[in-house]
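Chain by chain, the residues run as shown.
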Amino acid sequence: MIRGEPLLRRFRALSRLCIEIGNQHVRCVRTFSVTDAINALRPFYLAVHPDFFGQHPREREMNENSLKKLNNHLQCLQHPGHRAPQPTKLTFYVRETAGNAGAAQGMNTPGFRAVSFTLQTQDLLGTVVNILKSCCLSIDHIQDSKAAVDSPHQNGSISFSRPIKWDKTYYTFTGYRDPEEELDSSRQLEPILGWRKSWGIAHRCSQLHSLSRFAQQNSAILHNIKGCTLIFAEHSGMNAAGQIMLGTVDVHQHWTKILERLPTYYDLHSQLCMLEERISFLLGDVELIYNEDLQPSMMLEDYYRMLKTFHQSLVVSRPLFHPRSLKGLQMILEKGSSAPTLLKTGQLRVPITCDPSALQWFILSHTQTARTYLRKEEELKIQQEKLIKVCIEQFFLKRLYKEQSVSSEQMVESCKRLLEEPTELPRMHLCISHFYSVLQDGDLCIPWDWKQ
């Protein structure tokens, strides 16, 4: 035993070294999971999704059946202990674009092309690459993600919170904006602070001191809020506009939980943007907007569920609109069962319970008027900004603004009347409202239709 101890110690030391090397390898190398595969195949799913084939039942059924087989194949590849999947030939219908018109493989329907490929590799990553190449879709986003995985940071860890970037091919197909690109660009900025209510400066300073103390105690999670908008409000979470809300009555531990969940909120917000694009496609490319000036405040989860309900009703009934025929129009969705209305600002306000056939008639009968209102509102906003600037200079105001409930038309009229008055309001904060009042910070409020 004594003579064998040096050899035993060497063996233990070698074992520890092997374990350490193995742990470093595990930290540096990340397997390509089913979740990664689904993210990488996002442009493919969007090109073949059955929702885009409502007027073509044969192609829709073909894509639905093929998607089921594909998902089953991917799940089998993720579990090595299961029986290896057999080679499977799949056929999908893909919408035609100018860039892929020459890649047709027969069985074509006008506006679509049939793409067939065989799932025969036992490698998950190789299968994904084969699918994208067969459909003439880019694989650059996969190569970028793989390079990020294979290049660990110096401390042995990897920043892999959003490894798969959305491929640009989908936006070539549809011409829609890229929400992922907008989200990434916004995160390059510093956080923006705001308040839900018109709180006084003392209350705002108190909240900023509270946030400062929180930042000192939780510096590790603050990188999650870079480029975000922080709103001090009644509740904590993320609202439908993608802003982070910090409840003023919540303790710091609650704020910590909210910021730790931000990656989940970001994913849900990305899904929400994608759902908005699908609804827009079904409604002739009308723009779906969320504007807290025109609709009640809503949390992200509630707004997503509302959009999902509305989308499901559209998929079932399929209102008929020519593609891109409603481009430029704006729609606001709201809860309740009221009748759809056209706002003076040009937005179509539609309840999610609106019957799709009634919705189609309403939109078509108000399209021209809505476009006229939108153009007028845009002109009023430009005129409003010019008049505000002139009023500030002429009356030596420190600030001139309006309440949300005051329309641009009312603000323009009020500013014009102000310019007719030979008065001075040096260094004053003037708010155009509906009533006479003085705010806690000393801002003077006057009604937009004030009397001499």
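Heads up: the structure comes first, above all this text.
Attention in this report is confined to the structure presented alongside it. (Residues numbered from 1 in each chain as written. Predicted model: local features only at pLDDT ≥ 70, side-chain atom pairs only at ≥ 80, totals over all residues. Heavy atoms only, no water.)

1. Thoughts on the sheet that holds strand S14 (residues 444-447)
Okay, so step 1: One open sheet accounts for four strands, arranged S11-S12-S14-S13; its pairing is mixed. Both edges of this open sheet fall to strand S11 (399-402) and strand S13 (437-438), since each of them pairs with a single strand only.
Okay, so step 2: Note: S13 against S14, two bridges, orientation antiparallel. For Ser437, the partnering residue across the bridge sits in S14 and is Cys445. (Pairing = 2+ DSSP bridges. Helix = DSSP H or I, 4+ residues; strand = E, 2+ residues; numbered from the N terminus.)

2. Section: the pairing of strand S12 (residues 429-433)
Okay, so step 1: Of all five residues that make up S12, four are buried, and the element is covered over most of its length.
Okay, so step 2: Here S11 runs beside S12; their pairing, made up of four bridges, is parallel. In the sheet register, Tyr401 faces S12, and the bridge partner there is Cys431.
Okay, so step 3: For the handedness criterion, the β-α-β arrangement of S11, helix H14 (residues 408-419) and S12 is classed as left-handed. (Buried < 20%, exposed > 50% of the residue type's maximum accessible area, 1.4 Å probe, protein only. Right-handed = clockwise from strand over helix to strand, strands pointing away.)

3. Thoughts on the environment of Cys354
Okay, so step 1: Turning to its location among the elements, Cys354 is positioned in the loop between strand S10 (348-351) and helix H13 (356-395).
Okay, so step 2: Of the residues examined, Cys354 reaches a relative accessible area of 9% and is grouped as buried.
Okay, so step 3: Sequence-wise, Cys354 and Ser338 are 16 residues apart; in three dimensions their C-alpha atoms are separated by 8.0 Å.
Okay, so step 4: Once you skip the residues sitting within four places of it in the chain, Cys354 turns out to touch Pro340 and Leu359. (Contact = heavy atoms within 4.5 Å.)

4. Examining the packing of aromatic side chains
Okay, so step 1: For the coordinates displayed, the defined rule picks out six aromatic pairs.
Okay, so step 2: Measuring from centroid to centroid gives 6.4 Å for Phe44 and Phe117, while their planes differ by 65 degrees, and the two rings are edge-to-face. Here the residue Phe44 occupies a position in helix H3 (residues 42-48), and Phe117 occupies one in strand S2 (residues 112-119), the gap between them amounting to 73 residues. The two residues Phe44 and Phe117 agree in class, both being buried. (Phe/Tyr/Trp six-rings, centres within 6.5 Å; stacked < 30°, edge-to-face > 60°.)

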